[in-house]
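# Structural features, examined
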Amino acid sequence: MGGAYRAGVPSRSLYNFRVLLAFCDEIGFQLAEDFYWFNPAKLPSPIEWVNKRKLRAKDSVNTVWWFSKTNFPKADVRKVLTPYSDRMKKLIEDPESFYTPKKRPSGHDISDAFGKDNGGAIPSNLLSIPNTDSNSSYLQICKELGIERHPARFPSELPAFFIKMLTDEDDVVLDIFGGSNTTGFTAEALRRKWITFEINHDYLSSSVFRFLDGQSSATMQRVLDELSKSDANYFINKTACALNPNNKAKSKAESKAQGELFVFGATAL
Ligand SMILES: C[S@@+](CC[C@H](N)C(=O)[O-])C[C@H]1O[C@@H](n2cnc3c(N)ncnc32)[C@H](O)[C@@H]1O
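The structure presented is a predicted model; accordingly, all values stated were derived computationally and were not measured. (Residues numbered from 1 in each chain as written. Predicted model: local features only at pLDDT ≥ 70, side-chain atom pairs only at ≥ 80, totals over all residues.)

### Here's the deal with the overall build of the protein chain
A count of helical and extended segments in the protein chain gives 10 helices and 10 strands. A separation threshold of at least 6 residues defines the contact pool for the protein chain, and within that pool the share at least 24 residues apart is 55%. (Helix = DSSP H or I, 4+ residues; strand = E, 2+ residues; numbered from the N terminus. Contact = placed C-beta atoms within 7 Å.)

Here is the structure:
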């Protein structure tokens, strides 16, 4: 969730903090961990406070809350290890000459095990991922067919981190605000089942381009025309597209789909 400014003044809206508290206090979720997606490529905004009047710094961080219903939700950080730093690589190569094990003031016992090669470092909750995609087939096909691309896509690496850390193959990944279906596409690549809801019919229809790599423009256009019908219930490879909520049950029963797309407002569930 991105932060926002109050209208007309350079002070922040508190809506995101209110949502967080409501989720925990009213619904009963626990905040398992808060993550921060740092997008180094993010353009400065809002223009008035950052660019023109130079009163505020550029806001380059989006918050990702990981909520859980239980004390110990399924999770394994070993699935998302990051490359070791050069310093850590040296330590692993030659622990003895590099470091003398001792106790830190914090009480942490830095033993020999610290120099063990675990295949990568534990990731931090600051995820630095540039959002600079300009070559994906989704974008190219949108351009080719003159379709407006989704204006607020996130990079595939963002859902990939959480899908890997929190699920196993064949688990189901749900995105209720699917947009261009980056989440479903990423889940598919990671061999998870997925379900995506999106309230905007056009966004959802064009999101199927993600699964039509290598097809001709004519095929893409035909699929898009098919999906433009308000009651479309359409299969693309293993993906079922039920663009009418009334078709939901039918498509679920018939489909051995890896993933399903629904045009459906999340609030209407
Ligand atoms: C920030 S975008 C998601 C972008 C997506 N992560 C991507 O990479 O393409 C949020 C989406 O939620 C959709 N949306 C808003 N309210 C909704 C609702 N009540 N039910 C379903 N979708 C909704 C919007 O149309 C928008 O496409």
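### Points about the nonpolar core
Counting residues in hydrophobic clusters, the biggest one holds 15 residues, and the most contacted among them are Val208, Phe209 and Cys241. The set of elements that each furnish at least two residues to this core consists of helix 5 (137-145), helix 8 (201-207), helix 9 (217-228), strand 9 (239-242) and strand 10 (259-263). Counting residues per element, this core draws most heavily on helix 9, at three residues. (Core = buried A, V, L, I, M, F, W, Y, C linked by C-beta atoms within 7 Å. Buried ≥ 20, exposed ≤ 12 C-beta atoms within 10 Å, placed from the backbone.)

### A short note on the confidence of the model for the protein chain
Mean pLDDT for the protein chain: 85, with 84% of residues reaching 70 or above. A low-confidence stretch, residues 249-257 (pLDDT under 50), is modelled with 11 contacts involving residues beyond four sequence positions or located in other chains. Long-range and interchain partners of residues 265-269, a stretch whose pLDDT sits below 50, account for four contacts in this model, where long-range means more than four residues apart. (pLDDT = per-residue confidence, 0-100.)

### A closer look at unusual backbone geometry
Cis geometry marks the peptide bond from serine 45 to proline 46; its omega dihedral reads -5°. Among the structural elements, proline 46 can be located in the loop between strand 1 (30-38) and helix 2 (47-52). For lysine 54, which is not glycine, the phi dihedral falls at a positive 55°. Considering the arrangement of structural elements, one finds lysine 54 in the loop between helix 2 and strand 2 (61-68). The residue arginine 191 is not glycine, and still its phi comes out positive at about 60°. Relative to the helices and strands, arginine 191 is located in the loop between helix 7 (182-189) and strand 7 (193-198).

### With respect to the sheet that holds strand 1
In space, the three strands of this open sheet follow the order 2-1-5, with mixed pairing throughout. Each edge of the open sheet carries a strand with a single partner, namely strand 2 and strand 5 (126-128). Direction aside, the axes of adjacent strands within the sheet are offset by 25° on average. Across eight bridges, strand 1 lies against strand 2 in antiparallel orientation. Each residue of the ladder has a partner; that of tryptophan 37, found in strand 2, is asparagine 62. (Pairing = 2+ DSSP bridges. Axes fitted to C-alpha atoms, helices over the stretch in contact; angles between N-to-C directions.)

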